[in-house]
Amino acid sequence: MIATRLLTINIFKHATSSLLRCLGALQAHSSLKQQLTPAAAVTISGCLHCSTQSSTPAQPNRDRTADASTSQCGFNEGFEALLPAWQQLGSRQYSVQVKQALTNPTMPQPLAVIMEQASVNTAVRPPPPPLEKRPMRFESRRAGVIAIKAGMMQDWDEYGVRIPLTVLWIDECMVVRYKHELRDDVTSLVLGCGAKRAKQLHPRQLGEFQAAGVPLQRKLWECQVTEDALLPVGTHIGAAHFKAGQYLDITGTSKGKGFAGVMKRWNFAGQGASHGNTKHHRAPGAIGGRTDPGKVWKGKKMPGHLGNERVTFKNIWLHKIDPARNLLYVRGQVPGPQGSFLYVRDAFRWKWAARQAAGLPFPAYLGDKLPEVEVAPRDGMDPYRVYREDLGYFEADWKGD
């Protein structure tokens, strides 16, 4: 409550640049989201506007109003003259309440520490593990890739059954940056794909790529991984990162189809086409009650915008890989139009026994020579088993002898 009132006061105090400075100080000194370290804890004295700090360690039991009237910027003395009379009176009342709360011996200790200590996270981001082959554990989570949807084609398996395929192209996907939980509260890899010119990027984005020492990337994606799957900056991830026959989770943005009715958007059956129905064949019908409930419930299926939303297709089977051309051939459709970016990674609900048997490279493919084109055998049963066992048909292999 005290922190909320202080924030409200500062919003009224700073109408222009002072507001931004105050919010920056509050965010830098917040200890709700960052880890408190005794060595880095310092005492905040003075006002929240200038964040005057002393180098002495935090002492929760000391008098917290001793330095309330001192400030490097003189903000406490001059800000009230810029406010209307009713705001000046309210500001003085709130200041008295805050001082009384700080000197209250029954004040909760965690709140006192939060208001006195600056929780600046000074932890050093540890380097990623060396780039070498390691065993994959049950809880290991590998990095994914950013791919481009190239189009669709078809192929035939060893039984002569046609397989619809979507071709995904990996355009120079590499690691741009990595994050660690000790420093960033998350362990992840920032992957980049494609290419851009310098004039197409914001100067801050351009500086990030120059500081990392990597080429300019067209698309970025933060992919959460486990600590044992971290990769150094500049590591390339291609089609050899996967194995034919494994299952993938593919995320993308679906095609936008504009404003659609309930029959197209929600597969409604529509109303009757018999005699007596006039111009309401595709209407949604009733959307709510009368006096009770007296409203339309949230989430009611009604006409609206269809498509253009983030969608994840799970357990997509990888039929073929072409490491030399960085192509992935997956069975079935994937979200998005041709040329759109897709985020591809190992299926989350892929069984551990099958994942071990697949022999996935961990943390990534590290060979000097790219492997050959790999095609996975059919993942289901023989479609002609019934004819061969019961009737004796199709005894010869379609692609064999």
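With that settled, the discussion passes to the overall build of the protein. Secondary structure summary: the protein contains 10 helices and 15 strands in total. Contacts in the protein between residues far apart in sequence, at least 24 positions, make up 72% of those at least 6 positions apart. Summed over all atoms, the accessible surface of the protein reaches about 24500 Å², with 54% contributed by carbon and sulfur.

This part covers the side chain of Thr187. Among the structural elements, Thr187 can be located in the loop between helix 6 (181-184) and strand 6 (188-193). A relative accessible area of 12% places Thr187 in the buried class. A polar side-chain atom of Thr187 sits 3.3 Å from the main-chain amide nitrogen of Glu181. If we ignore the near neighbours within four places in the chain, the residues touching Thr187 are Lys179, His180, Glu181, Gln224, Val225, Thr226, Glu227 and Leu230.

Now for the pairing of strand 13 (residues 327-331). On a regular strand, one side chain projects to one face of the sheet and the next to the other, so that they alternate. Along strand 13, 4 of the 5 residues are buried, which leaves the element largely enclosed by surrounding structure. As judged from the 5 bridges shared by strand 4 (residues 162-169) and strand 13, these two strands associate in the antiparallel manner. Residue pairing in the sheet places Thr166 in a bridge with Val330 of strand 13. Looking at chain direction, strand 12 (residues 310-322) and strand 13 are connected through 4 bridges and run antiparallel. Residue Ile321 lies in a different strand from strand 13, and its bridge partner there is Leu328.

Membership of the largest hydrophobic core comes to 38 residues, with the highest contact counts inside it found for Leu168, Leu189, Leu191, Ile250, Leu328, Val330 and Val344. Residue assignment for this core shows that the elements contributing at least two residues are strand 3 (145-156), strand 5 (173-179), strand 6, strand 7 (219-224), strand 9 (247-253), strand 12, strand 13 and strand 14 (341-346). Aside from chain neighbours lying at most four places away, what touches Leu328 is Thr166, Val167, Leu168, Ile170, Ala239, Phe242, Leu318, Lys320 and Ile321. Core analysis: the second largest hydrophobic core is formed by 8 residues, Met174, Val190, Leu201 and Leu216 among them.

Bringing the packing of aromatic side chains into the picture now. Counted according to the given criterion, the structure contains 3 aromatic pairs. Centroid distance Trp221 to Tyr343: 4.9 Å. Interplanar angle 20°. Geometry classified as stacked. Residue Trp221 is found in strand 7, and its partner Tyr343 is found in strand 14; the two are separated by 122 residues along the sequence. Side by side, Trp221 and Tyr343 carry an identical accessibility label, which is buried. It is Lys320 that lies over the ring of Tyr329; its NZ or CZ is 4.9 Å from the centre.

With 5 of 6 residues buried, strand 14 is to be regarded as a mostly interior element. Sheet analysis places strand 3 next to strand 14, joined by 4 bridges and oriented antiparallel. Bridge pairing links Ile146 to Tyr343 in strand 14. Alignment of strand 9 against strand 14, held across 4 bridges, turns out to be antiparallel. Within strand 14, the residue paired with Ile250 across the bridge is Val344.

Our focus in this paragraph is the confidence of the model for the protein. Detailed reading of the predicted coordinates is not advisable wherever pLDDT is low. Averaged over the protein, the pLDDT score is 79; the fraction of residues at 70 or greater is 67%. Here residues 1-77 is a poorly scored stretch, pLDDT under 50, and it has 120 contacts once near neighbours within four places are set aside; other chains count.

Tallied over the full model, the rule gives 9 salt bridges. Arg137 is paired through a salt bridge with Glu139; the nearest N and O atoms lie 3.4 Å apart. Here Glu208 and Arg177 are joined by a salt bridge, their closest N and O atoms 3.3 Å apart. One end of the pair, Glu208, is in helix 7 (residues 203-212); the other, Arg177, is in strand 5, with 31 residues separating them in the sequence. Since its relative accessible area comes to 36%, Arg177 is described here as partly exposed. Here the salt bridges share partners, and the residues they tie into one network are Arg137, Glu139 and Asp228.

Moving on: the state of the cysteines. Summed over the entire model, instances satisfying the criterion amount to 0 disulfides. Counting only cysteine sulfurs, Cys193 is the nearest neighbor of Cys173, a cysteine outside any disulfide, at a range of 5.8 Å. Free of any disulfide, Cys223 has its nearest neighbouring cysteine sulfur in Cys173, separated by 9.1 Å.

Looking at where Arg345 falls in the secondary structure, it is placed in strand 14. Look at Arg345: it is buried, it has no salt bridge, and the nearest opposite charge is Asp346 at 6.8 Å. Among the polar contacts made by the side chain of Arg345, one reaches the main-chain carbonyl oxygen of Gln224 at a distance of 2.9 Å. If we skip the residues at most four places from it in the chain, Arg345 touches Arg141, Arg142, Gly144, Trp221, Cys223, Gln224, Val225, Phe242, Leu248 and Asp249.

Scoring rules and cut-offs
- Residues numbered from 1 in each chain as written.
- Predicted model: local features only at pLDDT ≥ 70, side-chain atom pairs only at ≥ 80, totals over all residues.
- Heavy atoms only, no water.
- Helix = DSSP H or I, 4+ residues; strand = E, 2+ residues; numbered from the N terminus.
- Contact = heavy atoms within 4.5 Å.
- Areas by Shrake-Rupley, 256 points an atom, 1.4 Å probe, with all protein chains shown as cover.
- Buried < 20%, exposed > 50% of the residue type's maximum accessible area, 1.4 Å probe, protein only.
- Polar contact = N/O pair within 3.5 Å; in protein donor to acceptor, adjacent residues only side chain to side chain.
- Pairing = 2+ DSSP bridges.
- Core = buried A, V, L, I, M, F, W, Y, C linked by side-chain atoms within 4.5 Å.
- Phe/Tyr/Trp six-rings, centres within 6.5 Å; stacked < 30°, edge-to-face > 60°.
- Lys NZ or Arg CZ within 6 Å of the ring centre and 35° of its normal.
- pLDDT = per-residue confidence, 0-100.
- Salt bridge = Lys/Arg side-chain N within 4 Å of Asp/Glu carboxyl O.
- Disulfide = S-S within 2.5 Å.
- Lys, Arg positive; Asp, Glu negative; His and termini not counted.

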